[in-house]
Amino acid sequence: MDTHRYIVCYEVYLDGHAFWWGHLALRLDEGDPMLLQPQALLDHVCAIAAKRHDVAAAQVRLKMISSL
């Protein structure tokens, strides 16, 4: 089964200032519905980053997404 791999760079903003930054890797299997819904993929990535830092997903700013 084919997979799609991504590397993501993000910042977390608090009170209008970048407070944390990080990277995460994501793997989606062929056929995953998010591959057909770009906004769902972006929302999913923000949710993962937000959970890591215990903040709201709206506080996450994606800086870069690259396919590997």
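In this text, all values refer to a predicted model and were calculated from it rather than measured experimentally.

Asks: Talk me through the nonpolar core; I want residue IDs and the actual numbers.
Replies: Core analysis: the biggest nonpolar cluster contains 15 residues, and Tyr10, Leu24, Leu26, Leu28, Leu41, Val45 and Val60 have the highest contact counts within it. Of all the secondary-structure elements, those providing two or more residues to this core are β1 (3-14), β2 (17-29) and α1 (38-53). In terms of residue count, α1 provides more of this core than any other element does, five residues in total. Setting aside anything within four residues of it in sequence, one finds Tyr10 in contact with Trp20, Trp21, Gly22, His23, Leu24, Ala49, Arg52, His53, Val60, Arg61, Leu62 and Lys63.

Asks: Lay out the pattern of salt bridges in plain terms, naming residues and giving numbers.
Replies: Where side chains of opposite charge bring their charged atoms close, a pairing between them can arise. Following the criterion strictly, the structure yields one salt bridge and no others. One salt bridge connects Arg27 with Asp29, and the closest N-O pair in it is separated by 3.7 Å.

About the thresholds
- Residues numbered from 1 in each chain as written.
- Predicted model: local features only at pLDDT ≥ 70, side-chain atom pairs only at ≥ 80, totals over all residues.
- Heavy atoms only, no water.
- Core = buried A, V, L, I, M, F, W, Y, C linked by side-chain atoms within 4.5 Å.
- Buried < 20%, exposed > 50% of the residue type's maximum accessible area, 1.4 Å probe, protein only.
- Helix = DSSP H or I, 4+ residues; strand = E, 2+ residues; numbered from the N terminus.
- Contact = heavy atoms within 4.5 Å.
- Salt bridge = Lys/Arg side-chain N within 4 Å of Asp/Glu carboxyl O.

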